Amino acid sequence: MNGKVPIQRRQTNRDLLREIAYDNRGFVSVPAAAEIGVPNIELAKLAARGHLEHVAYGLYRMPEIPRSPDDQFTEAILRTGEHAFLRGESVLALLGLADVNPTRITVGVPGRVRRSVPPWMEVTRAAEGAQTTFYNGVRSQPVSEAILESIGRIPRDRLHDAALHARREGWLTASEAEHIQKVLSS
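A. Highlighting unusual backbone geometry. Of note in the backbone geometry, alanine 98 takes a positive phi value of approximately 65 degrees without being a glycine. Among the secondary structure elements, alanine 98 is positioned in the loop between α5 (89–95) and β5 (105–109). Here alanine 98 falls in the buried class, since its relative accessible area comes to 10%. The phi dihedral of aspartate 99 is positive, around 50 degrees, even though this residue is not glycine. In this fold, aspartate 99 is placed in the loop between α5 and β5.

Pasting the structure below:
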């Protein structure tokens, strides 16, 4: 050794936020930043310098993180709050099932949402303790429930195909797929 001690660079707030952003398709919420010790004012400063984009109240996006097709689903959940999840046709759209392209992303929440949401979102009231799961990193209603909730809005033959596809992908159990087929046949 030459006797020199390597200098370690101090991790900046931007470095800390980047870790959150990579886990959330580039998005950083004020509560997530606060959890790691980055105050709200730092988010505003980084946005003013162009290191973050202000998306909505309490929500920012790190522009250096590549965009993905699922970004809008993630944004909808983060705009709505901690316990929000995709519902119905939006779950099917996220997974590429039933050939749907809803005009609005439907988000379920167990309580009231006082935030204003853009016209491309619809917020619905969900039962307290509603079961959720994650698909492509986005909190969602289970596929079985999403398919059944879409009856009447999506043709039954497309929902039938969606159930078959979901079963092949492992998003439905055999008993769930059988139940859905029975309901769709009645």
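B. Seen up close, the sheet that holds strand β2 (residues 53–56). On the basis of which strands lie adjacent, the open sheet formed by 3 strands has the order β1-β3-β2 and antiparallel pairing. On the outer flanks of this sheet lie β1 (27–29) and β2, each paired with one strand and no other. Each strand axis lies, on average, 35 degrees off the axis of its neighbour in the sheet, ignoring direction. Sheet topology places β1 next to strand β3 (residues 59–61); 3 bridges connect them, and they run antiparallel. If you follow serine 29 over to β3, its bridge partner there is leucine 59.

C. Structural view of the environment of alanine 33. The topology assignment puts alanine 33 in helix α2 (residues 30–35). For alanine 33, a relative accessible area of 0% corresponds to the buried category. Once the C-alpha coordinates of alanine 33 and arginine 156 are considered, the two residues, 123 residues apart in sequence, prove to be 43 Å apart. In this structure, alanine 33 is in contact with Leu17, Ile20, Val28, Val38 and Leu43, ignoring residues within four places of it in sequence.

D. Looking closely at the packing of aromatic side chains. A complete count under the given rule lists 1 aromatic pair for this structure. Measuring from ring centre to ring centre gives 6.3 Å for tyrosine 135 and tryptophan 171, while their planes differ by 75 degrees; the resulting arrangement is edge-to-face. With tyrosine 135 in strand β7 (residues 133–135) and tryptophan 171 in the loop between α7 (156–169) and α8 (174–185), the pair connects residues that are 36 residues apart, well separated along the chain. Judged by its relative accessible area of 9%, tyrosine 135 is buried. Here tryptophan 171 falls in the partly exposed class, since its relative accessible area comes to 25%. Sitting above the plane of the phenylalanine 27 ring, arginine 61 keeps its charged end 5.4 Å from the centroid.

The rules behind the values
Residues numbered from 1 in each chain as written. Predicted model: local features only at pLDDT ≥ 70, side-chain atom pairs only at ≥ 80, totals over all residues. Heavy atoms only, no water. Helix = DSSP H or I, 4+ residues; strand = E, 2+ residues; numbered from the N terminus. Buried < 20%, exposed > 50% of the residue type's maximum accessible area, 1.4 Å probe, protein only. Pairing = 2+ DSSP bridges. Axes fitted to C-alpha atoms, helices over the stretch in contact; angles between N-to-C directions. Contact = heavy atoms within 4.5 Å. Phe/Tyr/Trp six-rings, centres within 6.5 Å; stacked < 30°, edge-to-face > 60°. Lys NZ or Arg CZ within 6 Å of the ring centre and 35° of its normal.

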